[in-house]
Amino acid sequence: MALLDKSVPENLPPVLDATADQPPLFDGTTRLYTAYTCPFAQRVWITRNYKGLQDKIHLVPLNLQSRPSWYGEKVYSVNRVPALEHNGKIIGESLDLIKYLDSNFEGQSLLPDDPAKKEFAEESFSYTDTFNKTVFTSFKGDVAKEAGPAFDYLENALHKFDDGPFLLGQFSLVDIAYIPFVERFQIFLSEVFKYDITAGRPKLAAWIEEINKLGAYKQTKTDPKELVEFYKKRILGQ
């Protein structure tokens with residue numbers, strides 16, 4: 001059964017910087033501490049939206065370049081986003097958090113029951129770090145040669161299940177784990193290196209196109225110009 005995107009249009013709260021007051025802590029409100037430009041936090045933001053939890057999980061967006069001191073001191077000592085405040089505790093790590101949202105809040109599960117799909121989901125989750133590192137490293141070398149295998153992995157994965165255009169056939173947490181990074185890599189590699197990640201990868205092209213139809217995801221996308229400038233500065237030192 002196909003899952004339905006339960007997201008609704010939303011007015012996003014303003015970003016909190018070093019001068020901002022801390023929201024109440026453990027007052028019964030569930031809060032997602034996030035940053036609108038962070039791909040790790042975007043995973044959790046998409047999951048929240050897709051499951052229709054926008055009224056239940058309040059966004060607390062932080063400015064990572066000028067983050068409030070109270071965040072690391074009083075909320076989450078790791079001082080990174082995302083973090084979820086729920087039931088009197090703070091939970092971090094994006095892949096753990098998307099699974100936590102899926103199993104601790106209402107709505108259809110974004111992980112399948114099918115054993116083969118479950119197994120492939122875990123394999124795909126564990127490859128995400130390698131995928132990201134491979135592509136990031138390629139920015140300083142031969143992009144096509146070094147990043148190619150990472151995108152080939154996704155292209156091959158998309159051939160595995162034929163009951164839909166997504167990584168497990170139907171839309172799932174696995175798609176959510178990859179799309180924030182693919183979004184950034186596609187824009188940056190095209191703009192800076194003139195490398196098209198979808199060339200010769202029709203399934204990958206179709207997957208990106210399908211995800212771009214989802215309101216839950218569209219609301220979370222970063223301005224492409226900002227992305228390019230950010231990565232140019234951070235990775236290429238330009």
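Rules behind the numbers
Residue positions are given per chain, counted from 1 along the sequence in the order it is written. Reporting of local features is limited, given that this is a predicted model, to residues whose pLDDT is at least 70; pairs of side-chain atoms are given and counted only at 80 or more, and all residues count toward the totals for whole chains, interfaces and linings. Only heavy atoms go into the side-chain values, all of them from the structure, while hydrogens and water stay out. A simple rule labels every residue: compare its accessible area, found with a 1.4 Å probe on the protein chains alone, to the largest value its type can have, and call it buried under 20%, exposed over 50%, or partly exposed in between. Numbering of helices and strands starts at the N terminus; helices are DSSP runs of H or I of at least 4 residues and strands are runs of E of at least 2. Pairing between strands requires that DSSP locate at least two bridges from one strand to the other. Look down the strands so they point away from you; if the path from the first strand over the helix to the second goes clockwise, the crossover is right-handed. Polar contacts, as counted here, are pairs of nitrogen or oxygen atoms within 3.5 Å of one another; within protein the pair requires one atom able to donate a hydrogen and one able to accept it, and residues that are adjacent in sequence qualify only if both atoms are side-chain atoms. The length a helix should cover is 1.5 Å for every residue beyond the first. The term bend refers to the angle at a residue between two fitted axes, each drawn through seven residues, those ending there and those starting there.

Under an unreviewed UniProt entry, the protein has the name GST N-terminal domain-containing protein and belongs to Hevea brasiliensis.

### Points about the pairing of strand E1 (residues 30-34)
Counting buried positions along E1 yields 5 of 5 residues, so the element is predominantly enclosed. Two strands pair when backbone bridges link them, and E1 and strand E2 (residues 57-61) are joined in this way by 5 bridges, in the parallel orientation. Among the inter-strand pairings, Leu32 is bridged to a residue of E2, identified as Leu59. After leaving E1, the chain enters helix H1 (residues 39-50) and then returns to the sheet as E2, a path that is right-handed. Of the pairings in the sheet, the one linking E1 to strand E3 (residues 83-86) comprises 3 bridges and is antiparallel in character. Bridge pairing in E3 places Arg31 opposite Glu85.

### A few points about the side chain of Thr128
The topology assignment puts Thr128 in helix H4 (residues 115-138). For Thr128, a relative accessible area of 2% translates into the label buried. Among the polar contacts made by the side chain of Thr128, one reaches the main-chain carbonyl oxygen of Phe125 at a distance of 2.8 Å.

### Topic: unusual backbone geometry
The omega angle of the peptide bond from Val81 to Pro82 is 5°, so this bond is cis rather than trans. Within the secondary structure, Pro82 is located in the loop between helix H2 (69-75) and E3. At Phe26, a residue that is not glycine, the phi angle is positive and equals roughly 55°. With respect to the element layout, Phe26 can be found in the segment before E1. On the basis of relative accessibility, which here comes to 43%, the residue Phe26 falls in the partly exposed class.

### Comments concerning H4
Between the first and last C-alpha of H4 there are 34 Å, a value that for 24 residues agrees with the 34 Å anticipated at 1.5 Å per step. Taken as a whole, H4 carries its principal kink of about 35° at Tyr127. A side-chain oxygen of the first residue of H4 lies 3.0 Å from the backbone nitrogen of Ala116; this N-cap is Asp114.

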